[in-house]
Amino acid sequence: MTTLYAILIDGMIYASWLFLVAAGLTVIYGVMRILNMAHGSFYSIGAYSGASLVGWYFAGGDGAPYWSYLLLLGAALAAGLFIGLLVEQGLLQFMYKRDEILMVIITYALLLILEDATKLIFGVDPYFTYQPYSLLGRSSFGELTFANYDLALIAVSVLIGAACWLVLNRTNRGKVLRAVIQDREIAVAMGVNVKLMFAATFVVGTTLGALAGALTAPAISVSPGIGVEVIVLAFAVVVVGGLGSIEGAIVGALLVGLTRSVAVHLAPQIELFVIYGVMSLVLAVRPQGLFGRNLARKI
Amino acid sequence: MRRTTSRIVPTAVALAASLAFAAPALAADNGKFRIGVVTFLSGGAAGPFGVPSLNGAKVLVDALNEGKLPAPYNLKGINGVEIETVIVDENGGATKQVEEFRNLAERHKVDAVIGYISSGDCLAIAPVAEELKMPTVFFDCGTSRLFEENKAPTYVFRTGLDAAIDNIGAARYLVDSGRKLDSVASIQQNYAWGHDSWADFSAAIQQLKPGVKVATEQLPKLFQGQYGAEISAISVSRPDVIHSSFWGGDMEALVLQGAARGLFDKRAAVLTCGESALDRFKGQAPNGLILGARGPFGAFAPQNPLSDWFRTAYRGKNEIEPTYPAFKMAQAILGLKAAVEKTGAKPGTIPAKEAVAKSFKGLNFESVSGTVQMARAGGHQALQGIAYGEYSFDAKSGKATLANVRHYSGECVTPPDGTTAAVWIKAGFPGAQCK
Amino acid sequence: MLRLDKTETWLLAATVILLTAGFLLPSWLTFILTLAFAKALVVQGVVIQMRAGLVSFGQGLFFCIGGYAVGMGGAFLDVHDVFALIGLGVAVAVGVAAIIGLLMTRYRDIFFAMLSLALSMILFGVIVKNPTLGSTDGFNVHAPTLLGWAPQGQEQKLAIFVLTVLIAGGLALALNRYMKSGLGGVNEAIKENEIRVEFLGLSPRWILYANYLFAAGISAVGGALTALATGHVDPEMAFWTTSGEFVFIALLGGTTHVAAPFVAAVLFALVRTYALELAPHSWQMILGFVLLAIIIFLPKGLWSLVAGKRRAAA
């Protein structure tokens, strides 16, 4: 019985983390049709920024510890905004007319550059800023103990998911965004400032990625290469859920998260394959992902 | 004609580039002792292992070139010849490393190569080193397969220890500490290092305490970073001891997340690579966490003139204490120096590579970790003991030390030549001499 | 059939020049060239599929199969002849491709790329789980023999170089023929507008399937040659970043000309070695900038991929 609870709670925690990581990716793809391979780097930059800022704060003296959460958020927003704007305005806005596949390669080049840039800025030493993680204490359910930070992350993820969904479905701006998602050409013809939408969307996407990184930083040791590890996971979740769909990202994250949790508790040896297995299975049955739209073939 | 133009330009560039690369080969014979140093400068292994080892190399090489080392290493450089290094990043996979090794040997014409943390790289490089007759010193990689598959080495040496020793030592420490040991949980990174470590440890612990149960065997992906589900699974399985060969960021994350969730409240955990983060854990690791340094390195190194000197010099340049990778790199360089100087070549000359290889074989030399005997694998593998200790953090001073340290001699934990580690463990450690 | 067009004459000339150069150039350079040409063969596999509009982010799957076939052939089946080993690699790769190609050819664009990535990572996982195959450490390849002759040391490396150049040259000729043929032309048509090809009475799916098999076979040859040259195989060959490298090189050279992947692979190898030496701490960044520069300033390399797409962005 304990195992069942463990599986469920672990699955939810992992799924909420997956969603946070994948949300930015799916938003960018949905609107701009760019599969951002550099998403992992934004995650990594967010993590490093958050870890350094919080680390500096705690090293500096005896500030009230709860400010560190605000600092984490602040670091993520600042990093995401800065890098997002830099990349979008400096490089991507000139490339929108190009092929989809070409954009993937451009973002792959960006990934290589940002990986080393992060290393040059932050160094290769791992950043270990644990204070925000242990600050919230723990909750025990019998044999199982969970860090309240992880449980709080579920709440954060739900909030962000809800916010994204609300903006897309219940605001005017969101409606315009959905129009751009459905058909970019007609949206432009209807007078939508697609360039501005693209810039805004990209920045939102990178900020979400940076936020995921910053929120994860207190729980891990931030070291070079965490961005690359996250990319494949994010892709898998997004592809399973359907590219461009927030609901898809939620369901994809839940599916992958729970399946992985089951594997870890009941059959740890297959854990390595679970994510690719789920992805292959979903794609075999529904080629465009669970919530992906069926595209009419244009002649 | 566009097609031909689009081909000619890149071809011309390629040819020009390749001619440019021919140039360095001529500069090789400049009278300096050239060492190729290969270690991780990027990727997850850079922070905990690669960069400290490179820093260790720099400290040692600079000091050697100035003749600042205590006896018996007071001759400048190596045999009086100034040392220069060619540094190569070990990141990129074994195929790339084979390419780079050949570059070091044939383009840069180095006199020796020291390096390699990744076992996969060591296994791929060993036959190439023999083929190119290049004295190569592996300072860190721990695979037991190295000399099991290269049965008659001439130019390949390893001054670091076989990882089987880490785990035999850990098993002995746990049993000797007298703690409750009815069940063990395993959490290893899901790759060769993790698999081999657990295999050796579980076999060893079964020999020393028959009937030990395995509570769970977790194998998260390398660099996964988040161990929520694994920590729950271990908690639920209620082991008395947790064994992990985790290293780097993964290890720190596991300790942080585990401590925050009370994983270590009711049980001991042993981290075979734990010493590499001794100064980083701060208050996050629980007191009593058992740490190893893969030999008598880092915080386990004995107090002798060489280790004292090394610690001071390293601290002076890097502002932190040297951890075990730095010690191991220093050991490899000292071993090479000792070998070269033992050839009897006139000071100020560089002896031939065959002479260096012959001299290194079976060598006994003084190192930052005490005396090293190249007494395994026919004189190509170093024989040393291993130590484990418990993490102890003093919150007031902010310093971490090791308590309840136990040393095990080389003869106690090292399989003899002629048998593999796995077979030796299963046979019950025949011939082991433990006090 | 036997008449050589201009490209093929150039290819033949290049092969002969390289063969003679092999005996004159320093051995570290021939080694780099051997690996580059072997890699270029895998890139040819990527390029074949790219011409039809599919980007494979998992070509490492067949690269790895070719390499491990060589390794396992020597270690478990006691086969040491290079031709037998390469043949074994190709057979296994094409066999595997025949089965999964049935699934793969249902997908296009991003999904094809992702699924190919997933499959190569599954192979990676399978190998890592397997201690007999050495898990992530891989294992060493036994010394190869060429039809009974067992060269040693430097001779062996040279022999592998000659073998690689000959095979590469031969395959380049074959690929050129393929590209100029009707089947090659249909590939471009499929990329431009698959529906029209269907309406013309051809089956894009089975053409893509044939492409997939062909690409698998060539990639396996590349993998086998890499294993023979380095003397070592490891599961990194199936990791997605290795496949990413192949795509990188494919774009560097472009898909218009059959010699492009070879030139691009050599350039890539030299740039990487140079970058490693110049900036051991930031060589990845240099590669990234080079790639960006190629995409932005030298679209000739990416010419047909860019100009050919007519599908509406929907």
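Residues numbered from 1 in each chain as written. Chains lettered and ligands numbered in written order. Predicted model: local features only at pLDDT ≥ 70, side-chain atom pairs only at ≥ 80, totals over all residues.

Within chain B, the secondary structure is distributed over 14 helices and 15 strands. In terms of overall size, chain B behaves like a compact globule, its C-alpha atoms giving a radius of gyration of 23 Å where 435 residues would be expected to give roughly 22 Å. For chain B, the C-alpha atoms occupy an extent of roughly 70 × 65 × 50 Å along the three principal directions. Residues classed as buried in chain B amount to 60% of the 435 residues present. A sequence separation of at least 24 residues applies to 70% of the contacts in chain B between residues at least 6 apart. (Helix = DSSP H or I, 4+ residues; strand = E, 2+ residues; numbered from the N terminus. Rg over C-alpha atoms; globule rule 2.2 N^0.38 Å. Buried ≥ 20, exposed ≤ 12 C-beta atoms within 10 Å, placed from the backbone. Contact = placed C-beta atoms within 7 Å.)

Okay, the overall build of chain A next. Within chain A one finds twelve helices and two strands. Mapped in sequence order, the helices and strands of chain A form the string α-α-α-α-α-β-β-α-α-α-α-α-α-α. The C-alpha radius of gyration of chain A comes to 19 Å, within 12% of the 19 Å expected for a compact globule of 299 residues. Principal-axis analysis of the C-alpha atoms places the extent of chain A at approximately 60 × 45 × 35 Å. Of all 299 residues assigned to chain A, the portion counted as buried reaches 57%.

Across the boundary between the two partners, chain A contributes 38 residues, which contact 34 residues of chain B. Residue composition of the side of chain A that touches chain B, grouped by class: 19 nonpolar, ten polar and nine charged. (Nonpolar A, V, L, I, M, F, W, Y, C, P; charged D, E, K, R; others polar.)

Looking now at the interface of chain C and chain A. Between chain C and chain A, the residue contacts involve 38 residues of the former and 37 residues of the latter. At the level of elements, α5 (109-129), α10 (240-253), α12 (283-297) and α13 (303-308) of chain C are the ones that each hand at least two residues to the side of chain C that touches chain A. For the side of chain C that touches chain A, the leading source of residues is α5 of chain C, giving eleven residues. The class makeup of the residues in the side of chain C that touches chain A is 27 nonpolar, six polar and five charged.

We now examine helix α9 (residues 204-230) of chain C. Residues and elements named next belong to chain C. The end-to-end C-alpha distance of α9, which contains 27 residues, comes to 38 Å, matching closely the 39 Å that a straight helix rising 1.5 Å per residue would cover. With 21 of its 27 residues buried, α9 lies for the most part within the structure. One or two residues past the end of α9 sits Gly-231, with phi positive at roughly 80 degrees. (Expected span 1.5 Å × (residues − 1).)

The next thing to look at is the domain arrangement of chain B. All names here are of chain B. According to the domain assignment, chain B contains domain 1 (10-161 + 301-383) and domain 2 (164-300 + 385-426). Summarising the inter-unit geometry, the C-alpha centres of domain 1 and domain 2 are found 29 Å apart. Across the contact, 27 residues belong to domain 1 and 28 residues belong to domain 2. Counting only elements with at least two residues in the side of domain 1 that touches domain 2, the list comes to α2 (46-65), α11 (324-342) and β12 (370-376). The leading source of residues in the side of domain 1 that touches domain 2 is α11, at four residues. (Domains from an automatic or database assignment.)

Glancing now at the nonpolar core. Ranked by internal contacts, the top residues of the largest apolar core, which has 371 residues, are Leu-18, Ala-22 and Val-237 of chain A together with Ala-265 of chain C. Per element, the largest residue contribution to this core is 20 residues, and it comes from helix α1 (residues 2-32) of chain A. When residues of this core are sorted by domain, at least three fall in each of domain 1 (10-161 + 301-383) and domain 2 (164-300 + 385-426) of chain B. (Core = buried A, V, L, I, M, F, W, Y, C linked by C-beta atoms within 7 Å.)

Next up on the list: the packing of helix α2 (residues 39-59) of chain A against helix α9 (residues 194-216) of chain A. All names here are of chain A. Where α2 meets α9, the closest approach of the two axes is 6 Å, and the angle between their N-to-C directions is 45 degrees. Taken together, the axes of α2 and α9 lie oblique to each other. Here α2 runs over α9; the crossing is right-handed. Residues His-39, Phe-42, Tyr-43, Ser-44, Ile-45, Gly-46, Ala-47, Ser-49 and Gly-50 of α2 touch α9, and the partners they reach there are Thr-206, Gly-209, Ala-210, Leu-211, Ala-212, Gly-213, Ala-214 and Thr-216. Broken down by class, the residue content of the contact of α2 with α9 amounts to eight nonpolar, nine polar and no charged. (Axes fitted to C-alpha atoms, helices over the stretch in contact; angles between N-to-C directions. Parallel < 35°, antiparallel > 145°, perpendicular 65-115°, else oblique. Left-handed = near helix turned anticlockwise from the far one by under 90°.)

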